[in-house]
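Observations on the three-dimensional arrangement
Spelled out from the first residue to the last, the chains are:
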Amino acid sequence: MSAISTPVNALVLAGALFIFGVLHHRSDSARKKISRLNRMNDEMARELASMKLFKSEFLSRAGEALSSPLHRASEAVEKLRAKGLGLPAEIESSLEVLFLEMASILRILRVFEEMVSRGEEAPKPGAVSRADLGSITSDAVHKAADSASERGISLAVSLDSGVRVMGSEEHVSEAVDSLFREVLHRAAPGSLVAVTLTSRDGTARLAISYEGGGGDGATLGTGIARLIATSFGGWLNEDPEKGLLSMSLPLTGGR
């Protein structure tokens, strides 16, 4: 029995040493892979920080370069419109669209500059920007009512109350106002615009449906709304064929 057990024990020991060697090799290989991944992660973090800095500097310089000539051009267009030179209706309409486009671009540039300055400032510990989307939307409806009435557009509104979202009051208000300006520009005269605000699964959704037939959507309202929404972790969906604009923002947990 002893003569048999000795080779068996030797085989078991050899097998154990072999397995230990394999595991050690794999462990050493895993450590090298982890080390390599950590180096790659550090390099990517440095590149990302460099890209963020470049983006901030680019946006800031682009805003400074474009704001001044756009302001002068906008003032010149406004003076032409105010003088009432008896221009053909088509030209007056084109001047109005041009004025609205430049105003939208200037608002986008202002938001760019504010976002850059906000990104450069260290946030206060525990500070969370909250905006009452229900109240903001209600205010936007009242501001849009006169323009809608002039074109015979009716507004049907259904808003959940107490819907608080991520984002500053000023920026979210700018986004919602921009959406209403865009919708009233696109909506057909005499049509119905339906506004719905709901909250579900940690997300607030503002949907504005309209019947197309008005302008061609050249006022850039969706551009500034999308910029603001995405900067606060939301998004903007646009479906011109169905006549629908939908902006979503994450809830702050207050509802």
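Everything discussed here concerns the structure shown above.
A short tour of the structure in this document, coming up. Being a predicted model, the structure only gives us computed values, none of them experimental.

Conventions used here
- Residues numbered from 1 in each chain as written.
- Predicted model: local features only at pLDDT ≥ 70, side-chain atom pairs only at ≥ 80, totals over all residues.
- Heavy atoms only, no water.
- Helix = DSSP H or I, 4+ residues; strand = E, 2+ residues; numbered from the N terminus.
- Contact = heavy atoms within 4.5 Å.
- Areas by Shrake-Rupley, 256 points an atom, 1.4 Å probe, with all protein chains shown as cover.
- Core = buried A, V, L, I, M, F, W, Y, C linked by side-chain atoms within 4.5 Å.
- Buried < 20%, exposed > 50% of the residue type's maximum accessible area, 1.4 Å probe, protein only.

Within the protein chain, the secondary structure is distributed over five helices and seven strands. Written out in order from the N terminus, the α and β elements of the protein chain read α-α-β-α-β-β-α-β-β-α-β-β. Within the protein chain, contacts between residues at least 6 apart in sequence are counted, and of these 78% link residues at least 24 apart. Counting only carbon and sulfur atoms, one obtains 58% of the accessible surface of the protein chain, whose full area is about 15800 Å².

This next bit is on the nonpolar core. Counting residues in hydrophobic clusters, the biggest one holds 38 residues, and the most contacted among them are Leu 133, Val 165, Val 176, Phe 180, Val 193, Ile 208 and Met 247. Within the residue set of this core, elements represented by two or more residues are helix H2 (89-120), helix H3 (133-150), helix H4 (169-186), strand S4 (192-200), strand S5 (203-209), helix H5 (221-231) and strand S7 (244-250). If one sorts the elements of this core by residue count, H4 sits on top with seven residues. Setting aside anything within four residues of it in sequence, one finds Ile 208 in contact with Leu 179, Phe 180, Val 183, Val 193, Ala 194, Val 195, Gly 243, Leu 244 and Leu 245. Counting six residues, the second-largest nonpolar core is a separate cluster that includes Leu 70, Val 77, Leu 95 and Leu 106.

Looking at where Ser 154 falls in the secondary structure, it is placed in strand S2 (residues 154-159). On a C-alpha basis, the gap between Ser 154 and Pro 189 in space is 9.4 Å, while along the polypeptide they are 35 residues apart. In this structure Ser 154 touches Ser 191, Leu 192 and Val 193, once residues within four positions along its chain are discounted.

Relative to the helices and strands, Ser 161 resides in the loop between S2 and strand S3 (164-166). Through-space distance from the C-alpha of Ser 161 to that of Gly 134 is 5.7 Å; in sequence the pair is 27 residues apart.

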